[in-house]
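# Topology and contacts: notes
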Amino acid sequence: MHHEETFTDRNVSEQSAYFYVDIEAYPTTGWDKFKQVVSRAVKGELFVGLWVVMREMIKFDIHTVQYPKEKLPIGPRYRAVHKLLRLWESGYERCIGCGLCEKICISDCIRMDTRIDENSRKEVTEYSINLGRCIFCGYCAEVCPELAIVHGGRYENASEQRAHFVIKDDMLTPLDLLKAGEQNEYPGFGAIIPGSDASVKKTPLAY
Amino acid sequence: MDVAFIIETIAKIVVILLIFSALAGLGTYFERKVLAFMQRRLGPMHVGPFGLLQVAADGIKLFTKEDIIPQNVVKPIFKIAPVITAATAFMAAAAIPFWPQFTVMGYTVHPIVADINVGILYVLGVMAIGLYGPLLGGMASANKWSLISAARSAAVFISYEVITGLALLAPLMMVGSLSLVDINNYQVGGIGNWIVWSQPVAFILFWIAAFAETGRTPFHLVANDHEIIDGFGTEYSGMRWGLFFIGEYANMFFISFVIAIVFLGGFGDGTIAGAIQLILKVAFFFFFFLWTRAAWPDVRPDQLMWLCWKVLMPIAVLNVVVTGIVMMF
């Protein structure tokens, strides 16, 4: 289930949003301290506190997310565990084995092995990402010319073996899911901008 | 002394011990839940329905934990200190009438272990001995936080015991008896006869002192987590630490009973309605202990002593004097 959350703008832009808290001078003499105690007791600051917590208890507006049962929605551009996508029509892997992701990876965690197959096309035989080392910077997804490697939303990476983090088959969209039309395009780093078809130009052959 | 009396007394002791040990456990559950709700959390949820069995889980954990006696502690005192806290808390319950007397199959039961003529004095005295638990435990622990906590408990102890005594003096002058049953019977006849109306100042003072007595939040400086870790409890683990806990929560219940009986009419005329009222009053005071913990900040030890000696004690003395003058004329 794909969920997109609308995010509120939390940037404080107005200068007037900040103000200095008015701090009274500390009482020094005994009489001043006594007056402070009395005024605080009579003004009922203690009871304001009691009322606030009681109000919250009565409103019962619980903010706890019971995590394994409930999950917070994550942003559409969230950079969690990578996915390898397939071509919609043919079901082939999108990856052309260009090696750009392997080259750009700053934590050096992507390894790939390619060969030239019978049709003289490049085929990816091995593709692994060491998620124990990956810093999820998103460069691989950004640099990929084929939108083949993208980030997904799967952020639960508990496993018994570190080797479980590097399996290509776990990242690649299974064929049955692809046929069911459940391969999600990633709107984050490296994705096609809306309306990008219009900005495509013919390769200028003049130079 | 006939055999029936001895059997009845032992039965009462066992019942009170069982009920209030269980209540102390449930008290921790209620505290967690109430604090959680006031802070928009859910509290324990996973063990049993609504987390109710969390108490059992904690109990099993505490009972089965290894009994660790750290190096360099004064062993006999370290071992006995939690027992002092728990034992004195329950000993104090001996003179508290928990329920009006009732008749079961022609046999009249007095739900008080011993209706001694110095009742309230005994209760306060034994509760005061309970302070030796934190004091000795802290001093024996070979830990600086515990030592600070022990010093604080001694200082706090001296400060608030004065208020407790002086605040109670005025109501006792009016009643003319130290027995909690007599104090209760003095207020029979409806809300108008409650001592809280004639002694509101003493009521407030005693209530404040009760917070210091039980070490609850505004005066939680004996075991203040954010300053001195767990104070006297830092070096304790397992059941010894659990005994401190049971003592603290049992104390909260018993002091709630004392406030309700001395100032708010107790169980009134002794009917079922009066008994249920007493439970409700005690529940309110117990809830108030949790409520303040969610709402109020802690004071420093010097602030507590300043408050006790320079503000509350003069007010308490004035209250006693004014009560005496009013009673004389």
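Residues numbered from 1 in each chain as written. Chains lettered and ligands numbered in written order. Predicted model: local features only at pLDDT ≥ 70, side-chain atom pairs only at ≥ 80, totals over all residues.

## A closer look at the overall build of chain A
Rule in force here: Here a helix means four or more residues in a row that DSSP labels H or I, a strand means two or more in a row labelled E, and each is numbered from the N terminus. Whether a residue is buried, exposed or partly exposed is read from the other C-beta atoms within 10 Å of its own C-beta, which are placed from the backbone; 20 or more gives buried, 12 or fewer gives exposed, and intermediate counts give partly exposed. Note on contacts: each residue gets a C-beta atom placed from the backbone, and two residues are in contact if those atoms are within 7 Å.
Secondary structure assignment for chain A yields six helices and four strands. For chain A, the succession of helices and strands along the chain, N to C, is α-α-β-α-β-β-α-β-α-α. By the burial criterion, 13% of the 207 residues in chain A qualify as buried. For chain A, long-range pairs separated by at least 24 residues make up 72% of all intrachain contacts whose partners lie at least 6 apart in sequence.

## Comments concerning the environment of Gly 99 of chain A
The topology assignment puts Gly 99 of chain A in the loop between strand S1 (82–84) and helix H3 (100–104). Spatially, the C-alpha atom of Gly 99 of chain A lies 23 Å from that of Gln 183 of chain A, the residues being 84 residues apart in sequence.

## Considerations on the interface of chain B and chain A
The condition is simple: Under the grouping applied here, Gly and all other residues not named as nonpolar or charged are polar, the nonpolar ones being Ala, Val, Leu, Ile, Met, Phe, Trp, Tyr, Cys and Pro and the charged ones Asp, Glu, Lys and Arg.
Taken together, the 11 residues of chain B in the interface contact 15 residues of chain A. Residue assignment for the side of chain B that touches chain A shows that the elements contributing at least two residues are helix H1 (3–38) and helix H12 (272–295) of chain B. With three residues, H12 of chain B is the largest single contributor of residues to the side of chain B that touches chain A. For the side of chain B that touches chain A, the residue count by class is nine nonpolar, no polar and two charged.

## Brief notes about the nonpolar core
Let me state the cut-off plainly: The term nonpolar core means buried Ala, Val, Leu, Ile, Met, Phe, Trp, Tyr and Cys residues held together as one set by C-beta atoms within 7 Å.
Counting residues in hydrophobic clusters, the biggest one holds 90 residues, and the most contacted among them are Ile 96, Phe 254 and Ile 259 of chain B. No other element matches helix H11 (residues 238–263) of chain B, which puts 18 residues into this core. If sequence neighbours within four positions are ignored, Phe 254 of chain B has contacts with Ala 89, Ala 92, Ala 93 and Ile 96 of chain B. In terms of nonpolar packing, the next biggest core, distinct from the first, is built from 19 residues, Cys 105, Ile 110, Cys 140 and Val 150 of chain A among them.

## Structural notes on the packing of helix H3 (residues 75–92) of chain B against helix H5 (residues 132–140) of chain B
A pair of packed helices can be characterised by two numbers: the angle between their axes and the separation between those axes. Residues and elements named next belong to chain B. What counts here: The axes used here are C-alpha line fits, helices contributing only the stretch in contact, and every angle between their N-to-C directions lies in the interval 0 to 180 degrees. In these notes the angle categories are as follows: under 35 degrees is roughly parallel, over 145 is roughly antiparallel, 65 to 115 is roughly perpendicular, and the rest is oblique. Note: crossing handedness is left-handed where the near helix turns anticlockwise from the far helix by less than a right angle, and right-handed where it turns clockwise.
Orientation of H3 relative to H5, taken along the N-to-C sense of each, is 160°, at an axis distance of 8 Å. Our classification of the angle between H3 and H5 gives roughly antiparallel. The hand of the H3/H5 crossing is left-handed. Across from Ile 77, Phe 78, Ala 81, Pro 82, Ile 84 and Thr 85 in H3, the residues of H5 making contact are Tyr 132, Gly 133, Leu 136, Gly 137 and Ala 140. Broken down by class, the residue content of the contact of H3 with H5 amounts to eight nonpolar, three polar and no charged.

## Overview of unusual backbone geometry
Residues and elements named next belong to chain A. One non-glycine residue, Asp 108, lies in the positive phi region at around 55°. Positionally, Asp 108 belongs in the loop between H3 and strand S2 (110–116). When the 11 C-beta atoms within 10 Å are taken as the criterion, Asp 108 is described as exposed. Located in the positive-phi region is Phe 136, a residue other than glycine, with phi close to 55°. Counting through the fold element by element, Phe 136 comes out in the loop between strand S3 (122–129) and helix H4 (139–143).

## Looking at the domain arrangement of chain A
Put simply, the test is: What marks off one domain from the next here is an automatic or database domain assignment.
Parsing chain A into structural domains produces domain 1 (20–59) and domain 2 (82–192). Computed from C-alpha atoms alone, the centre-to-centre distance between domain 1 of chain A and domain 2 of chain A is 59 Å.

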